[in-house]
Amino acid sequence: MPTTVTKTIGTGGDYTTLQSWEDASPANLVTSDQIWRGECFNQEFFSSSATLLTVSGTTTDATRYKELTTYAGASFVDNASVQTNALRYNASNGAGIRNTYAWSPAVSLNESYFRISKLQISGSANAAFSSTASDGLVVDKCIFEASSTSVEPFKAYGTGTVKNSLFIQRSTNLVAALSNGTNAYNCTFARTGTGTASIIRGSYSTSTLKNCAFFGGATTLASGSSTRTYTTCYTDTASPPSGCTTVAYDTSTGSGFQNITDSTRDFRIKSGSALLDVGTTDTTNGPNDIAGTARPQGSAYDVGAWELVVGGGGGSSNAPRYFHRTQSGQS
């Protein structure tokens with residue numbers, strides 16, 4: 001049974017920077033039989049001139065790996081106002097990683113089996129998260145944003161899983177690259193900039209996309225050579241693939257987001273949304289939403305990252321829903 005070695009990251013922590021935590025990892029986590037876990041304090045890790053975290057060079061496997069998450073109570077997920085906070089990058093709500101450097105991403109991954117959860121990451125002019133080798137990658141309850149005209153906010157290459165997460169492109173480019181078998185469950189992919197480029201792209205292998213929301217004016221939902229299987233997904237693309245339903249990208253009875261204007265963006269869904277109670281049950285990947293709310297709150301899962309809770313800031317509903325949060329530390 002691997003030993004989990006937990007270190008705090010931030011001012012006053014075991015390591016003051018993300019990179020110093022990563023650099024201190026044993027070179028071979030399989031041999032040392034360890035999980036190298038970093039917990040970020042409630043602060044923003046910021047750089048205007050370099051990548052904040054490069055994960056690479058360590059031998060890992062499916063049970064011994066690096067994991068980056070937040071310290072107890074330090075995430076936007078744990079914020080007391082999580083139900084009413086706008087769902088977008090905002091370091092005032094919890095630990096954030098932000099990079100305004102145009103030539104590199106905020107987080108760069110070149111190592112298998114990495115796990116990341118409960119963090120907000122903004123790449124501004126470049127990707128928020130970019131991987132070149134991400135077999136076994138697991139992303140859960142994260143927010144990724146960027147505003148590049150040439151780079152997606154999120155890029156994953158390998159047999160991995162992204163779930164219960166939000167991906168926002170604040171420019172005209174694609175929202176995410178999901179290649180070489182990256183699967184997505186209960187995620188929201190949205191573009192606030194005007195554009196017709198596809199929402200996602202991906203090459204090689206096959207990908208499963210379940211209970212996902214894809215919005216942003218794309219002529220074609222996805223590009224690239226990957227074979228994709230969609231299950232109960234929703235989009236504003238006029239002629240989507242099988243398994244997807246077309247609805248308007250709006251703040252009412254289509255996607256029903258709280259706000260789709262870039263400066264005030266808020267990708268919680270509200271009463272009347274077509275995404276309510278139309279998803280497929282998936283207790284493996286989606287028992288809780290991006291805010292830690294148990295699914296379902298209605299008759300079925302909501303599509304996308306957010307599960308509406310009546311009285312939780314998402315508006316009212318004709319069918320009652322009851323607020324239920326999991327205990328801190330549960331996924």
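In the block above lies the structure referred to throughout.
On a predicted model such as this, the values are computed, not experimentally measured, just so you know. (Residues numbered from 1 in each chain as written. Predicted model: local features only at pLDDT ≥ 70, side-chain atom pairs only at ≥ 80, totals over all residues. Heavy atoms only, no water.)

Colleague: Account for the overall build of the protein, with residues named and values stated.
Modeller: Looking only at helices and strands, the protein has two helices and 27 strands in total. When the backbone C-alpha atoms are referred to their principal axes, the protein occupies close to 50 × 40 × 35 Å. Sequence-distant contacts in the protein: of pairs separated by 6 or more residues, those separated by 24 or more amount to 53%. Charge separation in the protein, taken as the distance between the mean sites of 22 positive and 23 negative side-chain charges, equals 2 Å. (Helix = DSSP H or I, 4+ residues; strand = E, 2+ residues; numbered from the N terminus. Contact = heavy atoms within 4.5 Å. Lys, Arg positive; Asp, Glu negative; His and termini not counted. Charge placed at Lys NZ, Arg CZ, Asp CG, Glu CD.)

Colleague: So what about the pairing of strand S18 (residues 188–191)? Which residues, and what values?
Modeller: Burial along S18 is two-sided: Thr188 and Ala190 and Phe189 and Arg191, pointing in opposite directions, are all buried. Pairing between strand S15 (residues 166–169) and S18: four bridges, direction parallel. Bridge pairing in S18 links Ile168 to Ala190. Pairing of S18 with strand S21 (residues 213–215), which is carried by three bridges, proceeds in the parallel orientation. From the neighbouring strand, Phe189 faces S21, where its bridge partner is Phe214. (Buried < 20%, exposed > 50% of the residue type's maximum accessible area, 1.4 Å probe, protein only. Pairing = 2+ DSSP bridges.)

Colleague: Give a detailed account of unusual backbone geometry, specifying residues and quantitative values.
Modeller: With omega at -10 degrees, the peptide bond leading from Arg295 into Pro296 counts as cis. Within the fold, Pro296 resides in the segment after strand S27 (266–269). Phi at Ser124 is positive, roughly 50 degrees, even though this residue is not glycine. Among the secondary structure elements, Ser124 is positioned in the loop between strand S9 (120–122) and strand S10 (129–133). Positive phi, normally seen in glycine, also occurs at Thr232, with a value near 40 degrees. You can see Thr232 is positioned in the loop between strand S23 (227–231) and strand S24 (233–235).

Colleague: Account for the environment of Tyr89, naming residues and giving values.
Modeller: Residue position: Tyr89 is located in the loop between strand S5 (66–70) and strand S6 (96–99). C-alpha separation for the pair Tyr89 and Phe167, spaced 78 residues apart in sequence, amounts to 10.0 Å. Setting aside its immediate chain neighbours within four residues, Tyr89 contacts Glu44, Gly96, Ile97, Arg98, Gln120, Ile121, Ser122, Ile143, Glu145 and Arg265. Only 2.6 Å separates the side chain of Tyr89 from the side chain of Glu44, close enough to count as a polar contact. (Polar contact = N/O pair within 3.5 Å; in protein donor to acceptor, adjacent residues only side chain to side chain.)

Colleague: Just give me the short version of the state of the cysteines, but keep the residues and values in it.
Modeller: Applying the stated criterion across every chain yields a total of zero disulfides. Cys212 carries a free sulfur, and the closest cysteine sulfur to it, the one in Cys233, is 4.9 Å from it. For Cys212, a relative accessible area of 0% translates into the label buried. (Disulfide = S-S within 2.5 Å.)

Colleague: Could you give me a rundown of the sheet that holds strand S20 (residues 206–210), with the residues and numbers involved?
Modeller: Within the open sheet, the nine strands sit side by side as S1-S2-S5-S8-S11-S14-S17-S20-S23. Their pairing is parallel. Two strands close off the open sheet at either side, each with one partner strand: strand S1 (3–9) and S23. Strand-to-strand twist of the sheet, defined as the mean angle between neighbouring strand axes without regard to direction, takes the value 10 degrees. (Axes fitted to C-alpha atoms, helices over the stretch in contact; angles between N-to-C directions.)

Colleague: Could you give an account of the side chain of Asp289, with specific residues and numbers?
Modeller: The topology assignment puts Asp289 in the segment after S27. Buried and without a salt bridge, Asp289 has Arg295 as its closest oppositely charged side chain, separated by 5.2 Å. Reaching out from Asp289, the side chain makes a polar contact with the backbone nitrogen of Glu307 at a distance of 2.8 Å. Beyond its immediate chain neighbours, meaning those up to four positions away, Asp289 contacts Lys141, Asn164, Arg295, Ala305, Trp306 and Glu307. (Salt bridge = Lys/Arg side-chain N within 4 Å of Asp/Glu carboxyl O.)

Colleague: Explain the side chain of Thr293 to me, and be specific about the residues and the numbers.
Modeller: Locating Thr293 in the fold gives a position in the segment after S27. Overall, the relative accessible area of 0% leaves Thr293 in the buried class. Within the local environment of Thr293, its side chain forms a polar contact with the side chain of Gln83, the two groups lying 3.1 Å apart.

Colleague: Any details on the pattern of salt bridges? Residues and values, ideally.
Modeller: Going through the model one piece at a time under the given rule, you end up with 15 salt bridges. As a salt-bridge pair, Glu67 and Arg37 come within 3.0 Å of each other at their nearest N and O atoms. Of the two residues, Glu67 sits in strand S5 while Arg37 sits in strand S2 (residues 34–40), which places them 30 residues apart along the sequence. Ionic pairing is found between Glu307 and Arg295, a salt bridge with its closest N-O pair at 3.6 Å. With Glu307 in the segment after S27 and Arg295 in the segment after S27, the pair connects residues that are twelve residues apart, well separated along the chain. The residues Glu307 and Arg295 share a single accessibility class, namely buried. Among the charged side chains, a network of salt bridges with common partners joins Glu22, Lys66 and Glu111.

Colleague: Help me get a handle on empty space enclosed by the protein, residues and values and all.
Modeller: A complete count under the given rule lists one cavity of 30 Å³ or more for this structure. Taken as a whole, the largest cavity encloses approximately 80 Å³ of empty space. (1 Å grid on protein atoms, 1.4 Å probe; cavity = no way out; pocket = protein on both sides within 12 Å on 5 of 7 lines; lining within 4 Å. Points joined across faces, edges and corners; volume = space filled by probe spheres on them.)

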